[in-house]
Amino acid sequence: MNFFLSNNVSRLLAIAVLCVAYAFMQALAFRSLVTFPFPQLMLDGMMNALFFTGVSFLLWKVVKYGNFETLEIYQRFINYTALGFLAITIWTGLGYISAFLVFNPKNLMEAIKMFPLKAFVAFLIYLLLVQFFRVRLAEREASPQPVDEDTEEDLLKPGDIGTEEIQPLERIVIRSGQKINMIQVSEIVYFRAEGDYVRIFTDSDKFLKEETMKYFQLHLPEKQFVRVHRSYLVNTVKILRIELYEKQNQLLTLSNGDKIKISVSGYKRLRERLGL
């Protein structure tokens, strides 16, 4: 708990420092262009920085769950361009409101002179943020994720199945932009829970599906797919290697090159399924 609070405080301090640095640089840039006092320019810069922080948080959510990387290059370009236009429009609109509050309404026209340069700076920041988000997502998917022990609420229990006969899935349909992907179950390497979505990994691609892990655990061949962690459902056919990782934790190496840390109870279920 203390570590969690300390981590959040560190992030807030880092954001505060970045906002102050941005406000100071913006005030310096506009000091020779307008007649407003430096403290007013600093205050305007702080408000602009806070607005863009909020917009950046929303951008992270869209990039994380937007599944843009699976699209064709031209579709990806269109999506990122539209997203950038929307983000800069929202930020500029909020900046106009802050300018009305910070500066004398009589001098609002002079404040508006700063907006073209502000929009250009926001565009550059947007490009840097998108690239940073893409790199961060790639690093997360390339490295093993931390292991949290499973709880009874996370896993499918026999009582959840009921008496109705369930037909196992043979393929999964996923919309990606203008395309409809038909993924054969035999091609899937593993599933990873991401909030209200599930990321599906094959040997050569990845897809995002709005569904629950329990749904897939219930509708996939029981002998082939094992819930090795509350966030992971693995195709046992795609497992290349199982090795010890940090004390009692096990690490799976899969056919697409990804490595997954599995929980103690997940390893027990995997051993039972494989007859080890």
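Bear in mind that the values here come from a model prediction, so they are computed numbers and not experimental data. Per-chain numbering applies: the sequence of each chain, read as written, is numbered from 1 onward. Residue-level local features of this predicted model are given only where pLDDT is at least 70; pairs of side-chain atoms are given and counted only at 80 or more, and the full residue set underlies all totals for whole chains, interfaces and linings. Working from all heavy atoms in the structure, the side-chain values ignore hydrogens and water.

(A) Expanded view of the pattern of salt bridges. By definition here, a salt bridge exists when the distance from a side-chain nitrogen of Lys or Arg to a carboxyl oxygen of Asp or Glu is within 4 Å. Scanning all chains against the criterion turns up five salt bridges. Residue glutamate 194 is joined to arginine 192 by a salt bridge in which the shortest nitrogen-to-oxygen separation is 2.5 Å. Judged by relative accessible area, which is 7%, glutamate 194 ranks as buried. With relative accessibility at 8%, the residue arginine 192 sits in the buried group. Of the charged contacts, one joins glutamate 243 and arginine 241 as a salt bridge, the two residues approaching to 3.4 Å between their closest N and O atoms. Exposure categories follow from relative accessible area, calculated using a 1.4 Å probe and restricted to protein chains: below 20% of the type maximum is buried, above 50% is exposed, and the middle band is partly exposed.

(B) Structural view of the sheet that holds strand β10 (residues 259-262). Two strands are said to pair when DSSP picks up at least two bridges between them. A run of DSSP states H or I qualifies as a helix once it reaches four residues; a run of E qualifies as a strand once it reaches two. Both are numbered from the N-terminal end. Read across the open sheet, the three strands follow the order β8-β9-β10; overall the sheet is antiparallel. Since the sheet does not close on itself, it has two edges, and those belong to β8 (239-244) and β10, each with one partner. Strand-to-strand twist in this sheet, taken as the mean axis angle between neighbours without regard to direction, amounts to 25 degrees. As judged from the four bridges shared by strand β9 (residues 250-254) and β10, these two strands associate in the antiparallel manner. The residue bridging glutamine 250 from the neighbouring strand is isoleucine 262, located in β10. Contacting β8, β9 and β10, helix α7 (residues 264-274) crosses the sheet at an angle of about 130 degrees to β8. Only C-alpha atoms enter the line fits that serve as axes; for helices the fit covers just the stretch in contact. Angles between N-to-C directions range over 0 to 180 degrees. Every residue pair with non-hydrogen atoms within 4.5 Å of one another is taken to be in contact.

(C) Structural view of the sheet that holds strand β5 (residues 206-209). In space, the five strands of this open sheet follow the order β5-β4-β3-β7-β6, with antiparallel pairing throughout. The sheet is open, and its two borders are formed by β5 and β6 (225-229), each paired with just one other strand. Each adjacent strand pair in this sheet contributes to an overall mean axis angle of 20 degrees, direction not counted. As paired elements, strand β3 (residues 188-194) and strand β4 (residues 197-202) share six bridges and run antiparallel to each other. What sits directly across from arginine 192, in β4, is arginine 199.

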